[in-house]
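Fold and contact review
Chain by chain, the residues run as shown.
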Amino acid sequence: MHIMPGLVARKQRLVIGNWKMNGSLAQNASLLDGLRAYPGGACDLAVCVPYPYLAQAAYGLHNTAFGFGAQDVSQHDQGAYTGDVSAAMLADMGCQWVLVGHSERRQHHAETDQQVANKAQAALNAGLTPVVCVGETLAEQSAGHTLGVVARQLAPVLALGADAVNQLVVAYEPVWAIGTGKTATPQQAQDVHAAIRASLDSVGAGQVRILYGGSVNAGNAASLFAMPDIDGALVGGASLQASEFLAIAAA
Ligand code: PEP
């Protein structure tokens, strides 16, 4: 059943910071101090940090409004996968969230759509919430292939079935907007989110939260969040400054 936007209460918004490969113990300490000052609000909040700093995030965000997680996870449960980190290990560290299929993983590590779906399933098996990232490159957008690319990326995820899909989060991140300062207009993003919503709906998961990511900042967050199918944001660069990230959360 498709529920018309506006006829139901909005889903709880979600804002997740992606620190990428940034930070140090000292820099993180001051960033976490800034986040700890946030009194909490009407949205869910989390940061996804580099593996070595998971313990620091767990300690620094204890008893705050923030959850935390990792930026990738192995599709395998355990064994001879040198350098990989399993979902069970992330859960053991107290993570609630994990990004899967970020475009930088797809680009630099040749992750396939099927591997991304496998990672999402591995995360779910360990009780984590995977944030499945999808999005088209500039060339794909220019060729008018945005919806086709996103549908192709999502297909193996949707094949996990309604029970699985209902427990995850999707992040639409046009690659041309990531770290470039070029944000999709609210209407451009809404159009893709509506298409993603329809495909989620077709497997009985129309209420899954769909985040927008790509140069979100304190200045553009409110207009993006005003769109009916944008349920929050995945924030890269702007999550490295507590004041900027908290301004996005407040939006
Ligand atoms: C990201 O890394 O997921 C991202 C959206 O980055 P930025 O906000 O810097 O564009």
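Reading guide: rules and limits
- Residues numbered from 1 in each chain as written.
- Predicted model: local features only at pLDDT ≥ 70, side-chain atom pairs only at ≥ 80, totals over all residues.
- Heavy atoms only, no water.
- Helix = DSSP H or I, 4+ residues; strand = E, 2+ residues; numbered from the N terminus.
- Rg over C-alpha atoms; globule rule 2.2 N^0.38 Å.
- Buried < 20%, exposed > 50% of the residue type's maximum accessible area, 1.4 Å probe, protein only.
- Contact = heavy atoms within 4.5 Å.
- Areas by Shrake-Rupley, 256 points an atom, 1.4 Å probe, with all protein chains shown as cover.
- Lys, Arg positive; Asp, Glu negative; His and termini not counted.
- Charge placed at Lys NZ, Arg CZ, Asp CG, Glu CD.
- Near = heavy atom within 4 Å.
- Polar contact = N/O pair within 3.5 Å; in protein donor to acceptor, adjacent residues only side chain to side chain.
- Nonpolar A, V, L, I, M, F, W, Y, C, P; charged D, E, K, R; others polar.
- Right-handed = clockwise from strand over helix to strand, strands pointing away.
- Salt bridge = Lys/Arg side-chain N within 4 Å of Asp/Glu carboxyl O.
- Axes fitted to C-alpha atoms, helices over the stretch in contact; angles between N-to-C directions.
- Left-handed = near helix turned anticlockwise from the far one by under 90°.
- 1 Å grid on protein atoms, 1.4 Å probe; cavity = no way out; pocket = protein on both sides within 12 Å on 5 of 7 lines; lining within 4 Å.
- Points joined across faces, edges and corners; volume = space filled by probe spheres on them.
- Expected span 1.5 Å × (residues − 1).

Right, let's talk about the overall build of the chain for a bit. Across its full length, the chain holds 11 helices and eight strands. At 17 Å, the chain has a C-alpha radius of gyration in line with the 18 Å of a compact globule built from 251 residues. Its C-alpha atoms put the chain at 45 × 45 × 35 Å along the principal axes. For the chain, the residues scored as buried account for 50% of the 251 residues in total. Long-range pairs, those at least 24 residues apart, make up 72% of the contacts in the chain between residues at least 6 apart in sequence. With an accessible surface of roughly 10900 Å², the chain has 56% of that area assigned to carbon and sulfur atoms. Between the centroid of the 12 positive side chains of the chain and the centroid of its 18 negative side chains there is a distance of 4 Å.

Here we come to the site of the ligand. Near the ligand there are 14 residues, and of these K20, E173, G179, S215 and G236 occur at the shortest range. Contact between the ligand and E173: an oxygen atom at 2.7 Å from a side-chain N or O atom of the residue. Contacts to the ligand include G236, whose backbone N or O atom sits 2.8 Å from an oxygen atom. In isolation the ligand offers 290 Å² of accessible surface; the protein chains occlude 96% of this area. The class makeup of the residues in the shell around the ligand is four nonpolar, eight polar and two charged.

We now examine the pairing of strand 2 (residues 44-48). Along a regular strand, successive side chains alternate from one face of the sheet to the other. Where burial is concerned, most of strand 2 is hidden: four out of the five residues are buried. In this fold, the crossover linking strand 1 (residues 14-18) to strand 2 by way of helix 1 (residues 25-36) has right-handed handedness. Note on the crossover from strand 2 through helix 2 (residues 54-60) to strand 3 (residues 66-70): the handedness is right-handed.

Inspection of the secondary structure puts Q71 in the loop between strand 3 and helix 3 (87-92). A distance of 3.0 Å separates the side chain of Q71 from the backbone oxygen of K20, its partner in a polar contact. Within the local environment of Q71, its side chain forms a polar contact with the backbone oxygen of C48, the two atoms lying 3.1 Å apart. Contacts of Q71, omitting those with residues within four sequence positions, involve N18, W19, K20, M21, C48, V49, P50 and L99.

Scanning the model with the defined rule gives 11 salt bridges in all. Taking the shortest distance from any N to any O, the salt bridge between E111 and R105 comes out at 3.1 Å. Judged by its relative accessible area of 9%, E111 falls in the buried class. With relative accessibility at 23%, the residue R105 sits in the partly exposed group. Notably, a salt bridge pairs R106 with D113, separated by 2.8 Å at the nearest N-O pair. An identical accessibility class is assigned to R106 and D113; each is buried. If you follow the salt bridges from partner to partner, you end up with D72, R105, E111 and K119 in one network.

A separate point is the packing of helix 1 against helix 11 (residues 242-250). The contact between helix 1 and helix 11 brings their axes to 9 Å, and the two run at 35 degrees. Seen from above, helix 1 lies across helix 11 with right-handed handedness. Between helix 1 and helix 11, the contacting residues are L31, G34 and L35 on the first element and A242, F245 and L246 on the second. Of the residues belonging to the contact of helix 1 with helix 11, the class tally is five nonpolar, one polar and no charged.

When its volume is computed, the largest pocket comes out at roughly 390 Å³. K20, M21, Q71, D72 and R105 are, among the 15 residues lining the largest pocket, the residues nearest its centre. Tallied by class, the residues present in the lining of the largest pocket amount to six nonpolar, five polar and four charged.

Now for helix 9 (residues 186-202). For helix 9, with 17 residues, the first-to-last C-alpha span of 24 Å sits near the 24 Å given by 1.5 Å per residue. Those residues of helix 9 not exposed but buried are A189, Q190, V192, H193, I196, R197, L200 and D201. If you follow the buried residues of helix 9, they end up packed against strand 5 (129-134), helix 7 (146-158), helix 8 (162-165), strand 6 (169-172), strand 7 (210-213) and helix 10 (221-225). Where helix 9 terminates, the next one or two residues include G204, which has phi positive at roughly 80 degrees.

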